[in-house]
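Analysis of the macromolecular model
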Amino acid sequence: GGTVELKEFIQNRQECLLGQVVELIGFGAVTRADEVFELPIGAARRLGLPPPYFAVDGFGEAVRDWSINHQSDIAFPYTKTGTALPRELGRWIDVAWRYRTQLWSRQGKGFKTKKSSGGAYFEYSMFYPERHFCPLKIAFVEVSSHNHFVLDRGGTVFKQTSPIIKLAAGASEDDHLALLGLLNS
């Protein structure tokens, strides 16, 4: 008993709705071929993949207790201006080439394959640069027994198992931290 009254009490005390301070909630990337893109820590350097082209893999289980448990890296074939050139991706591009048929046939937006949509086989199935390259974002676990939210200042690729919250333009770091505290409480 009492849940209806508690819900009404909380709703009557709200200062604003989440939708009023958030620009978007969604994932930043979908590879649909994690086995090609995910790399054990240290493998990127052994494959000659330079630092701008690999990142921390922010999959759902890595987001815990206000932080990201760096369990693996992920090949990141992008720059702020577009897709990387194959020659910039070290020997990892040779690994991706071996899976090119599988990578070309992944379906993305509009159910088009990567090949039919005009993308490169070594790109993610879906990638949202405006979400990835924003300076601050809050990531969370898609499926969990309780809340796990983390503030990211860049450098982590969040896939479909760890969606992100991007606050409205002009939101400060303090705004992000306030929401982070509320969401984790």
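Structure: above.
Okay, so let's go over this structure. (Residues numbered from 1 in each chain as written. Predicted model: local features only at pLDDT ≥ 70, side-chain atom pairs only at ≥ 80, totals over all residues. Heavy atoms only, no water.)

Topic: the overall build of the protein
- A count of helical and extended segments in the protein gives eight helices and 14 strands.
- Counting only C-alpha atoms and orienting by the principal axes, one finds that the protein spans roughly 60 × 35 × 35 Å.
- When burial is assessed residue by residue, the protein has 43% of its 185 residues classed as buried.
- Considering only residue pairs separated by 6 or more positions, the protein has 66% of its internal contacts joining residues 24 or more positions apart.
- Accessible surface, the protein as shown: approximately 10,400 Å² in total, 54% of it carbon and sulfur. (Helix = DSSP H or I, 4+ residues; strand = E, 2+ residues; numbered from the N terminus. Buried < 20%, exposed > 50% of the residue type's maximum accessible area, 1.4 Å probe, protein only. Contact = heavy atoms within 4.5 Å. Areas by Shrake-Rupley, 256 points an atom, 1.4 Å probe, with all protein chains shown as cover.)

Section: the packing of aromatic side chains
- Tallied over the entire structure, the rule returns 15 aromatic pairs.
- Ring centres 5.3 Å apart and planes at 65 degrees place the aromatic pair Y78 and Y124 in the edge-to-face group. Residue Y78 is located in strand β8 (residues 78-79), and its partner Y124 is located in the loop between α6 (100-104) and β10 (126-127); the two are separated by 46 residues in the primary sequence. In terms of burial, Y78 and Y124 fall into one category: buried.
- Ring centres of F127 and F133 lie 6.3 Å apart, and the angle between their planes is 85 degrees; on these two criteria the pair is classed as edge-to-face.
- Its relative accessible area of 13% is what places F127 among the buried residues.
- Through a chain of ring-to-ring contacts, three or more aromatic side chains come together here, namely F37, F76, Y78, W92, Y124, F127 and F133.
- A cation sits over an aromatic face here: K115 above W104, 5.4 Å from the ring centre.
- Between R131 and the ring centre of Y128, over which it is positioned, the NZ or CZ distance is 4.2 Å. (Phe/Tyr/Trp six-rings, centres within 6.5 Å; stacked < 30°, edge-to-face > 60°. Lys NZ or Arg CZ within 6 Å of the ring centre and 35° of its normal.)

Digging into the nonpolar core
- In terms of nonpolar packing, the biggest core is built from 27 residues, with F37, L49, L89, W92, F122 and Y124 touching the most fellow members.
- For this core, the elements supplying multiple residues, two or more each, are α3 (34-37), α4 (43-46), β4 (54-57), β7 (73-75) and α5 (92-98).
- Considering every element that reaches this core, the biggest residue donor is α5, with three residues.
- Each residue touching W92, except ones within four places of it in the same chain, is listed here: V36, F37, L39, L47, L49, A75 and F122.
- By size, the runner-up hydrophobic cluster in this structure holds eleven residues, among which are V22, I138, F149 and L180. (Core = buried A, V, L, I, M, F, W, Y, C linked by side-chain atoms within 4.5 Å.)

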